[in-house]
Amino acid sequence: MERRPLLADGSIVGSYEPLYSYWEVAREKGVEEVTITGEDLEFVEKLVESAGRLRLLEVREMLVKKFIPRVNPEVAEEAYKRLGFNFTREEARRRIAEILAGWSLEAARNLNIVSFRGWFTSP
């Protein structure tokens, strides 16, 4: 069974291995390990409360934009290289941000902050 971080269930994120690779590289380089926070889950909750219903992909993209500045592009590039992928720094950075966004959505659902079935709604 594949490793998953706390509150992740794999329903949105196919594989968390790039994130684990990122964390490993970050530790080696003495860089902060990016992760989701309670503030990120509050952001999801407020988005849904204010809009009522949102498309899952819209919320995911908003989260990606929120996470990109927190992802170190050099660390992301190295993390993917170790997994055999040759992405540019910006591609790797975005992919790590997409994993974080998906993890946030999985965590929000598992904590009953939101529910989704193609749409994102308050429970």
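Novice: How should I be thinking about the side chain of Arg93 in this particular structure?
Specialist: Tracing the backbone through its elements, the reader meets Arg93 in helix α5 (residues 89-110). From its side chain, Arg93 meets the backbone oxygen of Val71 in a polar contact 2.8 Å long. Ignoring sequence-local partners within four residues, the contact set of Arg93 consists of Ile68, Pro69, Val71, Pro73 and Ala76.

Novice: I'm lost on the environment of Arg60 in this one. Help?
Specialist: Checked against the element boundaries, Arg60 lands in helix α3 (residues 56-67). Take Arg60: its relative accessible area is 23%, and that puts it in the partly exposed class. Apart from the residues lying within four places of it in its own chain, the contact partners of Arg60 are Glu98, Ala101 and Leu105.

Novice: Any chance you could explain the pattern of salt bridges here in plain terms?
Specialist: Evaluated as defined, the whole model comprises 15 salt bridges. A salt bridge links Glu61 to Arg94; its shortest N-O distance comes to 2.6 Å. Note that Glu61 is positioned in helix α3 and Arg94 in helix α5, a separation of 33 residues in sequence. A salt bridge links Arg93 to Glu90; its shortest N-O distance comes to 3.6 Å. Of this pair, Arg93 and Glu90 are both found in helix α5, three residues apart, which corresponds to roughly one turn of the helix. For Glu90, a relative accessible area of 47% gives the class partly exposed. One continuous salt-bridge network, built from bridges that share partners, spans Glu24, Glu28, Glu78 and Arg82.

Novice: Explanation requested: unusual backbone geometry in the structure shown.
Specialist: The bulk of non-glycine residues show a negative phi, and the bulk of peptide bonds are trans. The phi dihedral of Leu7 falls on the positive side, at around 70°, and the residue is not glycine. By the secondary structure assignment, Leu7 is in the segment before α1 (17-29). For Asn112, which is not glycine, the phi torsion reads 60° and is therefore positive. Counting through the fold element by element, Asn112 comes out in the loop between α5 and β2 (115-116).

Novice: What's the story with the nonpolar core in this structure? I'm lost.
Specialist: The tendency in soluble globular proteins is for nonpolar side chains to be buried as a group. In this structure, Tyr16, Leu19, Tyr22, Val71, Ile96, Leu100 and Trp103 are the most contacted members of the largest nonpolar core, which totals 39 residues. Where this core is concerned, the elements lending two or more residues are α1, α2 (38-51), α3, α4 (73-82) and α5. Beyond its immediate chain neighbours, meaning those up to four positions away, Tyr16 contacts Glu2, Arg3, Arg4, Pro5, Ala8, Gly10, Ile99, Gly102, Trp103 and Glu106.

Novice: I would appreciate a short explanation of the packing of aromatic side chains in the present structure.
Specialist: In this description, an aromatic ring pair is defined by two values, namely the gap between the centres and the angle between the planes. According to the stated counting rule, one finds six aromatic pairs in the structure shown. Measuring from centroid to centroid gives 6.5 Å for Tyr16 and Trp103, while their planes differ by 80°, and the two rings are edge-to-face. Of this pair, Tyr16 sits in the segment before α1 while Trp103 sits in helix α5, and the two are 87 residues apart along the sequence. Both residues of the pair, Tyr16 and Trp103, belong to the buried class. Seen in terms of ring centroids, Trp23 and Trp103 are 6.0 Å apart; in terms of plane orientation they differ by 65°. Their pairing is edge-to-face. Placement of Trp23 in helix α1 and of Trp103 in helix α5 is noted, with a sequence separation of 80 residues between them. In this structure an aromatic cluster arises from ring pairing among Tyr16, Tyr20, Trp23 and Trp103. The ring centre of Tyr20 lies 4.1 Å from the NZ or CZ of Arg3, which sits over that ring. When the ring centre of Phe43 is taken as reference, the NZ or CZ atom of Lys66 above it lies at 5.2 Å.

Analysis parameters
Residues numbered from 1 in each chain as written. Predicted model: local features only at pLDDT ≥ 70, side-chain atom pairs only at ≥ 80, totals over all residues. Heavy atoms only, no water. Helix = DSSP H or I, 4+ residues; strand = E, 2+ residues; numbered from the N terminus. Polar contact = N/O pair within 3.5 Å; in protein donor to acceptor, adjacent residues only side chain to side chain. Contact = heavy atoms within 4.5 Å. Buried < 20%, exposed > 50% of the residue type's maximum accessible area, 1.4 Å probe, protein only. Salt bridge = Lys/Arg side-chain N within 4 Å of Asp/Glu carboxyl O. Core = buried A, V, L, I, M, F, W, Y, C linked by side-chain atoms within 4.5 Å. Phe/Tyr/Trp six-rings, centres within 6.5 Å; stacked < 30°, edge-to-face > 60°. Lys NZ or Arg CZ within 6 Å of the ring centre and 35° of its normal.

Everything listed is a geometric property; what it means functionally is a separate question.
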